[in-house]
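Analysis of the macromolecular model
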Amino acid sequence: MSMTTTVLYDHPGPRARVRNAVLSVVFGVGLAALLWWVYAKFDQAGQWEGSLWKPFAEAPTWTQFILPGLRQTLLAAATGMVLSLAFGILFAVGRLSDHRWVRIPAGVVVEFFRAVPLLLMIFFIFYGVPFLIQGPVSAFWSVVVGLTLYNGSVLAEAFRAGIRSIPGGQGEAAYAVGMRKSQVMRLILVPQAARAMLPVIVSQLVVLLKDTALGYIVAFPELLQRGVNDLSANRGNVVAAAIVVAAIYILINSLLTTLANWLDRRTRRRGFRIPRQTAAPDSTPAGGATVAEPQG
Amino acid sequence: MHVFADPTNLDAYLSGFLWILKLTGASAVLALVLGVFLAAFRVSPVPVLRGFGTAWVNIFRNTPLTLIIFFCYFGLYSTLGVNLSEDLDLNNFWLGVIGLSVYTAAFVCEAVRSGVNTVPAGQAEAARAIGLTFFQTLRIVILPQAGRAVVAPLGSVLIALCKNATIVGTIGVIEASSVMKQLINDNGDAVIPIFLVFAGTFAAILVPTGYFFGWLANRLAVKR
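The rules behind the values
- Throughout this description, residue numbers start from 1 for each chain and increase along the sequence as written.
- Here the convention is simple: chains get letters from A, ligands get numbers from 1, in the order in which they are written.
- For a predicted model such as this one, the threshold for reporting local features is a pLDDT of at least 70, and the threshold for listing and counting side-chain atom pairs is 80 or more; totals across whole chains, interfaces and linings nevertheless cover every residue.
- Neither water nor hydrogens contribute to the side-chain values; these are computed over all heavy atoms in the structure.
- Starting at the N terminus, helices and strands are each numbered in turn, a helix being any DSSP run of H or I of at least four residues and a strand any DSSP run of E of at least two.
- Any residue under 20% of the maximum accessible area for its type is buried, any over 50% is exposed, and the rest in between are partly exposed; the area is computed with a 1.4 Å probe on protein chains only.
- In short, Shrake-Rupley with a 1.4 Å probe defines the accessible areas, and a residue's cover is counted only from the protein chains shown.
- Contacts between residues were defined by any pair of non-hydrogen atoms, one from each residue, lying within 4.5 Å.
- Here the buried area means the combined drop in accessible surface, using a 1.4 Å probe, for two parts upon being joined, counting both sides.
- The term salt bridge refers to a pairing of a side-chain nitrogen on Lys or Arg with a carboxyl oxygen on Asp or Glu at a separation within 4 Å.
- Note on residue categories: nonpolar means Ala, Val, Leu, Ile, Met, Phe, Trp, Tyr, Cys or Pro, charged means Asp, Glu, Lys or Arg, and polar means any other residue, Gly included.
- The convention used is that axes are lines fitted to C-alpha atoms, helices contributing only their stretch in contact, and that angles between N-to-C directions extend from 0 to 180 degrees.
- For classification purposes, an angle smaller than 35 degrees is called roughly parallel, one larger than 145 roughly antiparallel, one from 65 to 115 roughly perpendicular, and anything else oblique.
- Should the near helix be turned counterclockwise from the far one by less than a right angle, the crossing is left-handed, whereas a clockwise turn marks it as right-handed.
- UniProt positions are given in the numbering used here, feature names are shortened, and annotations may be inferred rather than shown by experiment.

**Examining the overall build of chain A**
Helix and strand counts for chain A come out as 11 helices and zero strands. Overall, chain A shows an N-to-C arrangement of helices and strands of α-α-α-α-α-α-α-α-α-α-α. Of all 296 residues assigned to chain A, the portion counted as buried reaches 52%. Accessible surface, chain A: about 14,100 Å² in total, of which carbon and sulfur atoms supply 66%.

Next comes the structure, spelled out in structure tokens:
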């Protein structure tokens, strides 16, 4: 099953090497031409002028716009992570309950929040809830609650898949030594599931971090709002600002992804690992594919 | 439900979801084509192609979609003057489709690549043994089998794409979420019914889609 991609082609002989070299050159030239075209287009629009990039060498750009934005992004992401993990564990256990009156509502809640676009949730909390509670809801909390409901539901499915894939003997042994159902869950099943699903969980946290950028739409002063919108309103350098901010996002998310891959390798090396496939079959389709869940 | 009894509101609701479906359909086709090519690049023997595929995936998968859509509008359109249509609505629509496809293609690529990894190595070795070239191996032997393995992940990608289409509202396409925001602002007394109708429509479209792809994946799975 683990086919290394090199199985797909033979070790290149003389002709294949020539062909690969030609392909490399042709594609490389094409790519260079495309990049040059983009560069020239930007140049034509005056996007490489020093005045547009100079702000990034000045301290106020960072201290007044980018860093405060980054701080808000990380704060919202961290709060959302903690809350959605709690939500995920609660509803995963709820869906596995023996009581129908717990299991069915938990299932409905999870399915519902997974199907509703996050932006719709945020709009409802930010614009709708104030009518209900007769008071304003801060942009921070509308983003965090929206993130929690969506990512918590996805995590609940991941946890459920994890709990179901733990060998049945674990639970039976725990019952045999006289534990109650809640103890079995809390002491035996959830800790093992959390460990097995750690890479999936971290990947979902990358999604959560990216999704904080939706806060831009309700004027939450996070990285996209402060670093691109407000900064370029002052300096008129929207393309430059977008490139710098994108680089920051890519850097942070790559670090988190590297962490996820490292955890993946580590759990595998310890010899305790639940194969990806077993996470998918009978649970709902996204069960095994949460890694690839590309929400905004 | 008095809000939706008003024909203007009903029209807005319907056209909002029509935009979502159009955005999803156009982007799904583009992203699928792009993603399969990127996946082929990533497993190819040519290092430049592999590097290009890897760079694409790492850049676009790690950038928030909101930023990509934002850039499509303010970067491509306002600054660089990329004009896709005379009609402003249609121009914004196509800018949104570009942003969504570029982003989603990275996820399609990763799904297809993981599908390629589920094909037993013997299949590729056998294909090589009978003298198929890399391109033939991929086209005739590997991708058809990988395709069956990636039905479920591609289903999740499609569902996420449909939900992500709401973000294109940022650049002025009056899709479902913008319509909901407007209706909520106009009808403060009925925020819960409005939300339930919009969220319910998404759930009614997407939950069955999810189960359909799960069923399809089971049906098409290569039994090994």
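**Let's talk about the overall build of chain B**
Within chain B one finds 10 helices and zero strands. Sequence-ordered secondary structure for chain B, helices as α and strands as β, is α-α-α-α-α-α-α-α-α-α. The burial tally for chain B puts 51% of its 224 residues in the buried class. In chain B, the share of contacts with a sequence separation of at least 24, taken over all contacts with a separation of at least 6, comes to 76%. As presented, chain B carries roughly 9,200 Å² of accessible surface, and 67% of it is formed by carbon and sulfur atoms.

**Observations concerning the interface of chain B and chain A**
Contacts between chain B and chain A engage 69 residues on the former and 64 residues on the latter. Regarding the contact of chain B and chain A, the summed buried area is about 5,800 Å², with carbon and sulfur atoms giving 74% of it. The interface formed by chain B and chain A contains zero salt bridges. Every element with two or more residues in the side of chain B that touches chain A is listed here: α3 (47-61), α4 (65-79), α5 (88-118), α6 (121-129), α7 (134-149), α8 (151-164), α9 (176-186) and α10 (191-220) of chain B. With 13 residues, α10 of chain B is the largest single contributor of residues to the side of chain B that touches chain A. Its residues assigned to classes, the side of chain B that touches chain A shows 42 nonpolar, 21 polar and six charged.

**What to know about the packing of α3 of chain B against α5 of chain B**
Residue and element names in this part refer to chain B. Between α3 and α5, the least distance of the axes is 9 Å, while the angle of their chain directions is 120°. Classed by the angle they form, the pair α3 and α5 counts as oblique. Crossing geometry of α3 relative to α5 is assigned as left-handed. When α3 is examined against α5, the residues Trp 56, Val 57, Phe 60 and Arg 61 are found in contact with a partner set consisting of Val 102, Tyr 103, Ala 105, Ala 106, Phe 107, Cys 109 and Glu 110.

**A few points about the UniProt feature "transmembrane region" (unreviewed entry) in chain B**
Residue and element names in this part refer to chain B. In the numbering adopted here, UniProt assigns the feature "transmembrane region" (unreviewed entry) to residues 17-41, 62-80, 92-112, 149-174 and 194-217. Helix and strand shares over residues 17-41 are 100% and 0% respectively, and the end C-alpha atoms of the span are 35 Å apart. Spanning residues 92-112, this segment combines 100% helix with 0% strand, and its end C-alpha atoms are found 30 Å apart.

**Examining the UniProt feature "domain: ABC transmembrane type-1" (unreviewed entry) in chain B**
When the UniProt feature table is mapped onto this chain, "domain: ABC transmembrane type-1" (unreviewed entry) is found at residues 17-208 of chain B. Span residues 17-208 of chain B is 81% helix and 0% strand, its end C-alpha atoms 17 Å apart.

**Observations regarding unusual backbone geometry**
Residue and element names in this part refer to chain A. Here the phi dihedral of Gln 134 falls at roughly 55°; this positive angle occurs in a residue that is not glycine. Within the secondary structure, Gln 134 is located in the loop between α5 (118-133) and α6 (139-164). The backbone of Ala 219 sits at a positive phi, close to 60°, despite the residue not being glycine. Tracing the chain through its elements places Ala 219 in the loop between α9 (198-211) and α10 (223-235). A residue is classified by how much of its surface remains accessible, and Ala 219, at 51% relative accessible area, is exposed.

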